[in-house]
Amino acid sequence: MRNEKKKKKKRTWLKVVGIVVLLIILGGGAFAYSVWNALTKTVDTMHTPIDRNTEKRTKDLTLSDQEPFSILMLGVDERDGDRGRSDTMIVLTVNPQKKSVKMLSIPRDTRTEIVGHGTQDKINHAFAFGGAKMSMDTVENFLDIPIDYYMKINMEGFKDIVDAVGGVTVQNNLDFTSDGVHFAKGTLTLNGKDALSYARMRHDDPNGDFGRQSRQRSIIEAVIKEGASISSLTKYDEVFGALSKNIQTNLTFDDMMDIQKNYRAASKDISESSINGTGTKIDGIYYYIVSEEEQEKVQTELKEHLAIKK
């Protein structure tokens with residue numbers, strides 16, 4: 001598996017709140033009130049608190065004080081009767097003083113301790129064993145930083161979100177066929193079903209898991225772009241409905257407003273990276289092995305960004 005580290009500025013989920021504010025500004029009177037009402041109801045539905053405490057912080061995080069924070073994004077392949085596994089795990093650290101965001105993709109096959117389960121296993125199995133809480137605990141232990149928030153996206157239902165915004169346009173750099181659909185190189189316009197197939201393909205990608213993570217990020221970014229367009233104003237009810245069905249987070253409405261107010265400038269500088277490692281088989285099972293040196297390097301980088309003393 002070839003691992004390529006990429007760093008470039010990108011839009012990401014942090015702008016979602018800004019998009020909502022844009023909708024309200026562009027809309028007027030009763031329409032703006034209707035959008036605001038729908039938004040608050042959507043956030044209430046999405047809000048799923050987790051009873052956990054982190055030992056990585058000496059005091060409670062206060063967003064209104066503009067303290068750096070982190071969030072774990074989980075793209076979960078969740079189907080009826082199956083909790084699923086987190087196919088995509090992305091950690092974002094946000095520092096308003098440095099006006100920057102770091103986005104770290106963790107390969108799903110990374111071998112590490114599953115905190116609360118007492119095993120060494122693939123990091124994405126933490127969600128199957130203990131949901132978002134065990135995923136947060138495991139990633140926190142692996143990176144040695146506090147994981148303050150999580151956002152779980154149901155990838156099976158993500159197609160509903162894509163359809164709600166009227167489809168997405170992406171730039172594809174790999175010619176491949178998945179689920180009977182041919183994806184040619186170049187500009188592609190995808191509906192929800194095809195976007196899901198595009199995002200899920202891994203085995204025919206020379207970059208393996210990293211290639212899939214990159215496509216999933218491009219789909220999420222395209223959804224945000226479409227959500228910001230004026231044409232989406234008339235679709236807000238469908239968009240919010242799809243979000244409420246397929247996203248869970250421990251962020252509250254007030255948290256999101258604090259982020260929009262105090263952290264907006266950070267979204268202009270987003271650097272993206274991944275973790276170097278090697279693939280190997282242990283007892284016939286494939287794992288991605290990260291060396292202690294690489295792990296410590298990533299930990300140090302994230303701690304500095306979160307302004308945590310070593």
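All chains use their own residue numbering, which begins from 1 and follows the written sequence. In keeping with the predicted nature of the model, local features appear solely for residues at pLDDT of at least 70, side-chain atom pairs appear and are counted solely at 80 or more, and the whole-chain, interface and lining totals rest on all residues. Only hydrogens and water are removed before side-chain values are computed, so all heavy atoms of the structure are retained for them.

For the rest of this paragraph, the subject is the overall build of the protein chain. Broken down by element type, the protein chain carries nine helices and 14 strands. For the protein chain, the residues scored as buried account for 54% of the 310 residues in total. Should any heavy atoms of two residues lie within 4.5 Å, those residues are counted as being in contact. Long-range pairs, those at least 24 residues apart, make up 68% of the contacts in the protein chain with a sequence separation of at least 6. In short, Shrake-Rupley with a 1.4 Å probe defines the accessible areas, and a residue's cover is counted only from the protein chains shown. When the accessible area of the protein chain is evaluated, it comes to approximately 14600 Å², of which 48% is carbon and sulfur surface. The helix count covers DSSP runs of H or I at least four residues long, the strand count covers runs of E at least two residues long, and both are numbered beginning at the N terminus. Burial classes: relative accessible area under 20% of the type maximum marks a residue as buried, over 50% as exposed, and values in between as partly exposed (1.4 Å probe, protein chains only).

Take a side-chain nitrogen of Lys or Arg and a carboxyl oxygen of Asp or Glu: if they are within 4 Å of each other, that pair is a salt bridge. Here the structure, examined in full by the defined rule, presents 12 salt bridges. Lys59 serves as the salt-bridge partner of Glu67, at 2.6 Å between the closest nitrogen and oxygen. On the basis of relative accessible area, Glu67 is assigned to the buried category, the value being 16%. Lys297 is paired through a salt bridge with Glu294; the nearest N and O atoms lie 3.5 Å apart.

This brings us to unusual backbone geometry. Positive phi outside glycine occurs at Asp144, with the angle close to 60°. Among the structural elements, Asp144 can be located in the loop between helix H3 (125–143) and strand E6 (149–154). Although it is not a glycine, Asp283 adopts a positive phi angle of roughly 55°. Within the fold, Asp283 resides in the loop between strand E13 (278–282) and strand E14 (285–289). Look at Asp283 and you get exposed, because its relative accessible area is 78%.

A few words on the sheet that holds strand E3 (residues 100–105). A sheet is described by the order of its strands in space; here six strands give the open sequence E11-E6-E1-E2-E3-E12, paired in mixed fashion. Strands with a single pairing partner mark the edges of an open sheet, and in this sheet they are strand E11 (247–249) and strand E12 (270–274). Taking the axes of each pair of neighbouring strands and ignoring which way they run, one obtains an average angle of 20° across the sheet. For helices, the fitted line uses only the C-alpha atoms of the stretch in contact; every axis is such a line through C-alpha atoms, and the angle between N-to-C directions lies from 0 to 180 degrees. Packing of H3 onto the sheet brings it into contact with strand E1 (69–76), strand E2 (86–95), E3 and E6, and relative to E1 it is tilted by some 140°. For two strands to pair, DSSP has to find at least two bridges joining them.

The next subject is the nonpolar core. In a soluble, globular protein the nonpolar side chains are often hidden away together inside. To define a nonpolar core, start from buried Ala, Val, Leu, Ile, Met, Phe, Trp, Tyr and Cys residues and group those joined through side-chain atoms within 4.5 Å. Judged by nonpolar contacts, the single largest core of 51 residues is most densely connected at Phe158, Val168, Leu190 and Ile219. If we ignore the near neighbours within four places in the chain, the residues touching Ile219 are Phe158, Val162, Val168, Val170, Leu190, Ala195, Tyr198 and Ala199. Ile147, Val290, Leu302 and Leu306 belong to the second largest nonpolar core, which has 24 residues in total.

Listing the buried residues of helix H5 (residues 192–200) in full gives Gly192, Ala195, Leu196, Ser197, Tyr198 and Ala199. The N-capping residue of H5, defined by a side-chain oxygen 3.3 Å from the backbone nitrogen of Lys193, is Asn191. Residues adjacent in sequence count toward polar contacts only when both atoms are side-chain atoms; beyond that, a polar contact is any pair of N or O atoms within 3.5 Å, and within protein one must be able to donate a hydrogen and the other to accept it.

Bringing the pairing of E6 into the picture now. Summarising burial for E6: six of the six residues are buried, a large majority. Of the two faces of E6, the one lined by Tyr149, Met151 and Ile153 and the one lined by Tyr150, Lys152 and Asn154 are each fully buried. Direction of pairing for E1 relative to E6: parallel, over a ladder of six bridges. When the bridges of E6 are listed, Leu72 appears paired with Tyr150. Pairing geometry for E6 and E11, over three bridges, is antiparallel. Counted as the bridge partner of Lys152 is Gln248 from E11.

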